[in-house]
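Summary of the model geometry
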Amino acid sequence: MDVEETQVSVKFVTKLPDQLKVPEEVLETVLQVDYFKAVVPPQLRTQLPHDDWVSAVDGSQQSILTGSYDGILRLWNSGGELISSTQAHKQGINAVSCLPSSQGALALSAGKDHCIRLWAAPALKATSSGAVQPPTCLAVYKGHTDSVEDVAASPSGGAFCSGAWDGNVHIWRTGREVALASEEAALAPATASKAVSKKRKLEITADASSAVAEGPLQEAAKAQLQGHSQCVSGVAWPDQDTIYSGSWDHSVRRWDAETLVNTDIHNSNKAIYCIAASAAAASVVAFGGADRAWRLWDSRQSKKDDMGVKAFNSHTDWITSIAWSPQSEHQVLTSSHDKSAKLWDTRAAVPLHTLEGHTDKAGVSRSVRPPGELTAS
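As a starting point, this report considers the structure included with it. (Residues numbered from 1 in each chain as written. Predicted model: local features only at pLDDT ≥ 70, side-chain atom pairs only at ≥ 80, totals over all residues. Heavy atoms only, no water.)

**Structural notes on the overall build of the protein**
Per the secondary structure count, the protein includes 2 helices and 27 strands. Out of the 377 residues in the protein, the part that is buried amounts to 49%. The long-range fraction of contacts in the protein, counting pairs at least 24 apart against all pairs at least 6 apart in sequence, stands at 50%. Carbon together with sulfur atoms contributes 50% to the accessible area of the protein, which is approximately 19,700 Å² in total. (Helix = DSSP H or I, 4+ residues; strand = E, 2+ residues; numbered from the N terminus. Buried < 20%, exposed > 50% of the residue type's maximum accessible area, 1.4 Å probe, protein only. Contact = heavy atoms within 4.5 Å. Areas by Shrake-Rupley, 256 points an atom, 1.4 Å probe, with all protein chains shown as cover.)

**Some remarks on the sheet that holds strand β16 (residues 251-256)**
In any sheet, the strands associate via hydrogen bonds between backbone groups, in a parallel or an antiparallel arrangement. Taken together, the 4 strands give an open sheet; going across it, the order is β14-β15-β16-β17, and neighbouring strands pair in antiparallel fashion. Sheet topology places β14 (232-239) and β17 (262-267) at the edges, where each strand pairs with a single neighbour. Between one strand and the next, the sheet's axes are offset by a mean angle of 15 degrees, whatever the strand orientation. In the sheet, β14 pairs with strand β15 (residues 242-247) via 5 bridges, with the strands oriented antiparallel. Looking at β15, one finds that valine 235 is bridged to serine 245. (Pairing = 2+ DSSP bridges. Axes fitted to C-alpha atoms, helices over the stretch in contact; angles between N-to-C directions.)

**Observations regarding the pairing of strand β7 (residues 115-120)**
Counting buried positions along β7 gives 6 out of 6 residues, so the element sits mostly inside the fold. Taking every second residue as pointing to the same face, both faces of β7 are buried, with Cys115, Arg117 and Trp119 on one and Ile116, Leu118 and Ala120 on the other. Examined bridge by bridge, strand β6 (residues 106-111) and β7 share 5 bridges and lie antiparallel to one another. Looking at the pairing, leucine 106 lines up with alanine 120 of β7. As consecutive antiparallel partners, β6 and β7 are separated by 3 residues, and within that stretch histidine 114 has a phi angle of approximately 75 degrees, a positive value. Taken together, the 6 bridges between β7 and strand β8 (residues 136-142) define a ladder with antiparallel strand orientation. Along β8, the bridge assignment pairs alanine 120 with threonine 136.

**Thoughts on helix α1 (residues 176-186)**
Residues separated by three or four positions in an α-helix point in the same direction, a consequence of the helix having 3.6 residues per turn. Among all positions in α1, only Val178, Ala179, Ala181 and Ser182 are buried. Taken down its axis, α1 places every buried residue within 165 degrees of arc, on the same side. Of the exposed residues in α1, the ones pointing more than 90 degrees away from its buried face are Leu180 and Glu184. Each element contacted by the buried residues of α1 is listed here: β6, β7, β8, β11 (169-173) and β12 (217-219). (Arc of directions from axis to C-beta.)

**Considering the environment of serine 84**
Secondary-structure assignment places serine 84 in strand β4 (residues 82-87). Measuring from C-alpha to C-alpha, the distance between serine 84 and alanine 123 comes to 7.8 Å, with 39 residues separating the pair along the chain. Residues within four places of serine 84 in sequence aside, it is in contact with Leu73, Arg74, Leu75, Pro134 and Pro135.

**Side note on the nonpolar core**
Counting 21 residues, the largest nonpolar core has Leu106, Leu108, Ile116, Leu118, Tyr141, Val151 and Phe160 as the members making the most contacts within it. Among the elements of the structure, β6, β7, β8, β9 (148-153), β10 (159-164) and α1 are those that each provide at least two residues to this core. Setting aside its immediate chain neighbours within four residues, valine 151 contacts Ala95, Ser97, Leu108, Ala110, Ile116, Phe160, Cys161, Ser162 and Val235. In this structure, Val96, Cys98, Ala121 and Cys137 belong to the second largest nonpolar core, which totals 17 residues. (Core = buried A, V, L, I, M, F, W, Y, C linked by side-chain atoms within 4.5 Å.)

**Focus on empty space enclosed by the protein**
Applying the stated criterion across every chain yields a total of 1 cavity of 30 Å³ or more. When its volume is computed, the largest cavity comes out at roughly 40 Å³. As for the largest cavity, its lining consists of Ser268, Lys270, Ala271, Ile272, Phe287, Gly288, Gly289, Ala290, Asp291, Ala293 and Arg295. Elements with a contribution of two residues or more to the lining of the largest cavity: β19 (281-289) and β20 (293-298). Residue contributions to the lining of the largest cavity peak at 3 residues, all from β19. (1 Å grid on protein atoms, 1.4 Å probe; cavity = no way out; pocket = protein on both sides within 12 Å on 5 of 7 lines; lining within 4 Å. Points joined across faces, edges and corners; volume = space filled by probe spheres on them.)

**So, the sheet that holds β19**
In space, the 4 strands of this open sheet follow the order β18-β19-β20-β21, with antiparallel pairing throughout. The strands lining the two open edges of the sheet, one partner per strand, are β18 (272-278) and β21 (309-313). Strand-to-strand twist in this sheet, taken as the mean axis angle between neighbours without regard to direction, amounts to 20 degrees. Looking at chain direction, β18 and β19 are connected through 6 bridges and run antiparallel. Bridging across to β19, alanine 276 finds its partner in alanine 286.

**As for unusual backbone geometry**
Its identity is not glycine, yet histidine 114 carries a phi of approximately 75 degrees, on the positive side. Mapped onto the elements of the fold, histidine 114 is located in the loop between β6 and β7. Histidine 114 gets classed as partly exposed once you look at its relative accessible area, which sits at 30%. Here leucine 260, not a glycine, exhibits a phi torsion of approximately 65 degrees, which is positive. Mapped onto the fold, leucine 260 is located in the loop between β16 and β17. Residue leucine 260 is classed as partly exposed on the basis of its relative accessible area, which comes to 32%.

**Let's talk about the pattern of salt bridges**
Counted under the stated rule, the structure contains 8 salt bridges. With its nearest N and O atoms 3.5 Å apart, the salt bridge here joins aspartate 51 to arginine 74. Here aspartate 51, found in the segment before β1 (54-58), pairs with arginine 74, found in strand β3 (residues 72-76); they are 23 residues apart in sequence, far enough to count as distant. Between aspartate 113 and arginine 117 there is a salt bridge, with its nearest N and O atoms 3.3 Å apart. Residue class for arginine 117 comes out buried when judged on its relative accessible area of 1%. Among the charged side chains, a salt-bridge network with shared partners connects Asp51, Asp70 and Arg74. (Salt bridge = Lys/Arg side-chain N within 4 Å of Asp/Glu carboxyl O.)

Listed below in structure tokens is the structure:
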């Protein structure tokens, strides 16, 4: 990391007693000062009403993407106006994730119906509240045998990983490659598969508004990572070679994305509910769960006496969500059942700010796009 140079005014307010004074011949002429910049306190900007519990948020694009337990995928502009809503899953949505802009306006949603869906969503890049095209389902990913809890795209956006209640981590292809394959499948003759057409008709319920799009393409997992014994509640893919997973079995695992080998493991004493990793430091992962502290694990450091793990205490209830700032390798946002979200600097023991305003458990939080560093919780 580059060293920032600036002028700092330092004033000593304590006079040393004579016996502690340093002889002039050993005095140094340079004073090194370690500091971190102050952060402006976040202000509540707007509220985005939903009909059920908000379970997923991603604001990394021009629009904010949310998922709810009513199974509806919603898009909002930064002014808080609803610009699109789509019935995405038959049951609740657990996770949403926008792919990198280099892949186009694409997003993933994962739900309690054991499925993951890839969406073409031009409205992700909308900058106004005018008429926009609603998201279109391009592909359905099937392979998990229970509720899918989290998804994380690779840095390139050409693949993603998922964690589920079945205790497995799956790796899938996605991005432009799948979008193009979906377009080709959609252009295929309608008579190619009467069985598929009949199956799709059965998906449509009497109420057309609750119909769930299946998409022209169905994808299977490229690989499966096995090792967890309980629900995989969180996944992260900070660099092309590294995947992290957190589980209710109290462990956080590091995987080699190429060889699919579990290269390291940290065993906690509580269930893990959420994890996050920064591309700026892929060896460091933040995680939280069924206690009041969230933790940083640096896998480069010795495991002896938990030297590689640092705890941060301030929340008064379980940690439900954690996210790294896209602008800083040191800033982390956490949310909790104590109805608050907190902004942290990993170099300080106390939070920079506490964001209050929720009247119930804060279940999800995300640091989202600059400028202005919008935050959603």
